[in-house]
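Here is what each chain is made of, one letter per residue.
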Amino acid sequence: MTVGLRLDEAVWGLLQRALQLYRDNPRATAGLRHQLARLEQPLRIAVAGPWRSGKSTVLNAIMGEEVAPVGDADGTDVFTWYEDAPQPRAIAYSTSHPPQDLAMVKSATGMRVDLVGWRAGELRDIVVRWPTRALRQMTLIDTPAITGVDEHGRAPVMDRVLRDADAVLYLTRDGRGTDLRVLETSRESAVGQAAPVNVVLVLSRADETGGGQIDALLTARQLARRQYRDPRVNALCVDTVACSGLIGLAGRMLSESDFAVLAQLARVPREALEPHLLSADRFAGGELPVRLDAGVRAALLDRLGLFGVRLATTLVRTGCDNRAKLSAELIRRSGLTELRESVNRLLIDRRDALKARSAMVAVEALLRAEPEPGTDELLTMLEQILAGAHEFQELRLLAALRNTRLGFDTELAEEARRLVGGDGVGLAARLGVEHDATTQQLWDVAADAQWSWRNRAEDSSLRLTQRRGAQVVVRSCEGMLAELAEGGR
């Protein structure tokens, strides 16, 4: 939704003005044209985080197929891009050779790309084109491990992530210390400080929380909620989600043979099986109460992990008596559903604003790094876009509502959050009505909301921050009414 200033048109105009200013600088103009092209491309979402944070596993869980990591690229400086395409293809981009196609091997659960013949450090990017609905509206980027900030306060991998991606899923065990210092580097520019945050923080080893006890996923969700309320954390991310990529992927990939093995284990009395589930070594090498060969045990541990085996056998005992039921429950408990909803609601639904944000970051960096006569005028134009674009105002209000600093009571804060798109940017989601509501019903609800929030915006007894927040809500309501008047639903 756009009210008043059209963000996409304003940013397009900014890029055109910058192209004119740097017309004699081939490198700068190439970068600006690249930003123009990105506005028409799917949203780029980087999956980033420190070593062994589970990036490739979460990426696979989102896609529902085993496609990452590519060959031996995991642990190197290679960025791997996953794009939708009619036919599978993998292309290597190196620092010293032209792009080259890579051999791909399809399997029952996904594919594998071979990197035979490439030396360490030779590759910069791998683009994997893969036909899947999961990539219709986004490009996923599997990134190298982030090792923290250097002596200059920089995180080189994160610097490239922030240049190349429109949004970030930042994976962490606990969302503290080094991880927060890395995320703070995204707030250093004027755009970074004024534009909406584009990071979802993911507590990605949720199955290991609290020592991997059977209630680990519940404990991880509670930790995520506490983190979400921390002012330092919610200043750096739009949401905090606990997700076990391993359990989510296992649920999406669970086969009938996997279920049969788990059901066989579940038939063993709990007290007889539990001693064998105290460690992976005991399960893999000990003498189980049922006959399972070493290969089956290893495959089960690889698919589910020890915690997943414990959880799955418990679920089978308590009613998940077929593959479909167990698959659905594993996905639900993993947090994958919440993560995908967060990605859709906060990132994909806001893709135009986030792509505009990326373009503005690039323009600001160029203007400050290579000033020309006329630079100050363009910086002023950029600042005006930041201040006036309603899409950014909505997202800034959502951030303010999260940490309760506006002072609205719970009911009003929830209504404001919904009206500015906190539950989704569609009209029905914003207005809190059924998706089959008539145009007249939508109009009535939007008009009532506009009237009540306009009164708050003009109420001198409220604090200035509350009145300004109410003004943003009023503009959102005006946008909905305008959309309905034009025949939108």
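For the structure, see preceding data.
The structure presented is a predicted model; accordingly, all values stated were derived computationally and were not measured. (Residues numbered from 1 in each chain as written. Predicted model: local features only at pLDDT ≥ 70, side-chain atom pairs only at ≥ 80, totals over all residues. Heavy atoms only, no water.)

Caption draft 1: Fine view of the overall build of the protein. Looking only at helices and strands, one finds 22 helices and 11 strands in the protein. Relative to the globule expectation of 23 Å for 489 residues, the C-alpha radius of gyration of the protein, 25 Å, shows essentially globular dimensions. Across its three principal axes, the protein shows a C-alpha extent of roughly 75 × 55 × 45 Å. Counting only carbon and sulfur atoms, one obtains 49% of the accessible surface of the protein, whose full area is about 22600 Å². (Helix = DSSP H or I, 4+ residues; strand = E, 2+ residues; numbered from the N terminus. Rg over C-alpha atoms; globule rule 2.2 N^0.38 Å. Areas by Shrake-Rupley, 256 points an atom, 1.4 Å probe, with all protein chains shown as cover.)

Caption draft 2: The pairing of strand S9 (residues 167-172), seen in detail. Here S9 lies mainly inside the structure; 6 of its 6 residues are buried. Burial along S9 is two-sided: the face carrying Ala167, Leu169 and Leu171 and the face carrying Val168, Tyr170 and Thr172 are both buried. Alignment of S9 against strand S10 (residues 199-203), held across 5 bridges, turns out to be parallel. Looking at the pairing, Tyr170 lines up with Leu201 of S10. (Buried < 20%, exposed > 50% of the residue type's maximum accessible area, 1.4 Å probe, protein only. Pairing = 2+ DSSP bridges.)

Caption draft 3: The pairing of strand S2 (residues 79-83), seen in detail. Summarising burial for S2: 4 of the 5 residues are buried, a large majority. For S2 and strand S7 (residues 123-129), the ladder comprises 5 bridges, and the chain directions are parallel. Following the sheet pairing, Trp81 is matched in S7 by Val127. Pairing between S2 and strand S8 (residues 138-142): 3 bridges, direction antiparallel. Paired with Trp81 across the bridge in S8 is Ile141.

Caption draft 4: Just a positive patch on the surface, in detail. On the surface, Arg176, Arg225, Arg226 and Arg229 cluster together into a positively charged patch. Its place among the elements puts Arg226 in helix H7 (residues 216-229). Here Arg226 falls in the partly exposed class, since its relative accessible area comes to 49%. (Patch = residues over 30% accessible without salt bridge, like charges linked within 9 Å, V, L, I, M, F, W, Y side chains within 5 Å. Salt bridge = Lys/Arg side-chain N within 4 Å of Asp/Glu carboxyl O. Lys, Arg positive; Asp, Glu negative; His and termini not counted. Charge placed at Lys NZ, Arg CZ, Asp CG, Glu CD.)

Caption draft 5: Fine view of the packing of aromatic side chains. Following the criterion strictly, the structure yields 1 aromatic pair and no others. Both rings, one in Phe408 and one in Trp453, keep their centres 5.6 Å apart while their planes meet at 90 degrees; by these two values the pair is edge-to-face. Here Trp453 lies in helix H21 (residues 439-457) and Phe408 lies in the loop between helix H18 (390-402) and helix H19 (410-419), a separation of 45 residues in the sequence. Of the two residues, Phe408 and Trp453, both sit in the buried class. One Lys or Arg, Arg160, reaches over the ring of Phe79 and ends 4.0 Å from the middle of that ring. (Phe/Tyr/Trp six-rings, centres within 6.5 Å; stacked < 30°, edge-to-face > 60°. Lys NZ or Arg CZ within 6 Å of the ring centre and 35° of its normal.)

Caption draft 6: Layout of the packing of helix H9 (residues 245-253) against helix H14 (residues 323-334). It is the contact of H9 with H14, at a shortest axis distance of 8 Å, that shows an interaxial angle of 160 degrees. Taken together, H9 and H14 sit at an angle that is classed as roughly antiparallel. In this structure, H9 crosses over H14, and the sense of that crossing is left-handed. Residues Ile247, Gly248, Gly251 and Arg252 of H9 lie in contact with H14, whose contacting residues are Ser327, Leu330, Ile331 and Ser334. (Axes fitted to C-alpha atoms, helices over the stretch in contact; angles between N-to-C directions. Parallel < 35°, antiparallel > 145°, perpendicular 65-115°, else oblique. Left-handed = near helix turned anticlockwise from the far one by under 90°. Contact = heavy atoms within 4.5 Å.)

Caption draft 7: Spatial organisation of empty space enclosed by the protein. By the definition in use, this model includes 2 cavities of 30 Å³ or more. As a volume, the second largest cavity reaches approximately 40 Å³. Forming the boundary of the second largest cavity are Val197, Val238, Leu346, Leu347, Arg350, Leu354 and Leu395. Each residue belonging to the lining of the second largest cavity can be placed in one class, and the counts come to 6 nonpolar, no polar and 1 charged. (1 Å grid on protein atoms, 1.4 Å probe; cavity = no way out; pocket = protein on both sides within 12 Å on 5 of 7 lines; lining within 4 Å. Points joined across faces, edges and corners; volume = space filled by probe spheres on them. Nonpolar A, V, L, I, M, F, W, Y, C, P; charged D, E, K, R; others polar.)

Caption draft 8: Looking closely at the nonpolar core. Ranked by size, the top nonpolar core spans 67 residues in total, and within it Tyr82, Leu140, Leu169, Tyr170 and Leu339 carry the most contacts. Of the residues forming this core, the biggest block, 6 residues, is contributed by helix H15 (residues 336-348). Residues contacting Leu169, with those up to four places away along its chain left out, are Ile45, Ala46, Val47, Ala48, Ile62, Val200, Val202, Leu339, Val343 and Leu347. Counting 37 residues, the second-largest nonpolar core is a separate cluster that includes Leu262, Leu288, Leu304 and Leu315. (Core = buried A, V, L, I, M, F, W, Y, C linked by side-chain atoms within 4.5 Å.)

Caption draft 9: Region of the structure containing the sheet that holds S10. The 9 strands are arranged S4-S3-S7-S2-S8-S1-S9-S10-S11 in an open sheet whose pairing can be described as mixed. Where the open sheet ends on each side, the last strands, each with one partner, are strand S4 (100-101) and strand S11 (239-242). Sheet contacts for H15: strand S1 (43-48), S8, S9, S10 and S11; angle to S11, the most-contacted strand, approximately 160 degrees.

Caption draft 10: Structural detail: helix H17 (residues 375-388). Spanning 14 residues, H17 covers 20 Å between terminal C-alpha atoms, matching the ideal 20 Å at 1.5 Å per step. Restricting attention to buried positions, one finds in H17 the residues Thr375, Leu378, Leu379, Met381, Leu382, Ile385 and Leu386. Taken down its axis, H17 places every buried residue within 155 degrees of arc, on the same side. Every exposed residue of H17 that faces more than 90 degrees away from the buried side is listed here: Asp376, Glu377, Gln384 and Ala387. In this structure, the buried residues of H17 make contact with helix H1 (7-21), helix H6 (190-194), helix H16 (351-369) and H18. (Expected span 1.5 Å × (residues − 1). Arc of directions from axis to C-beta.)

Caption draft 11: Summary view of the pattern of salt bridges. Overall, the coordinates contain 25 salt bridges when judged by the stated rule. The partner of Asp258 in a salt bridge is Arg303, and the shortest N-O contact between them spans 3.8 Å. One end of the pair, Asp258, is in helix H10 (residues 256-266); the other, Arg303, is in helix H13 (residues 294-317), and 45 residues separate them in sequence. Here the two residues Asp258 and Arg303 agree in accessibility, since each one is buried.

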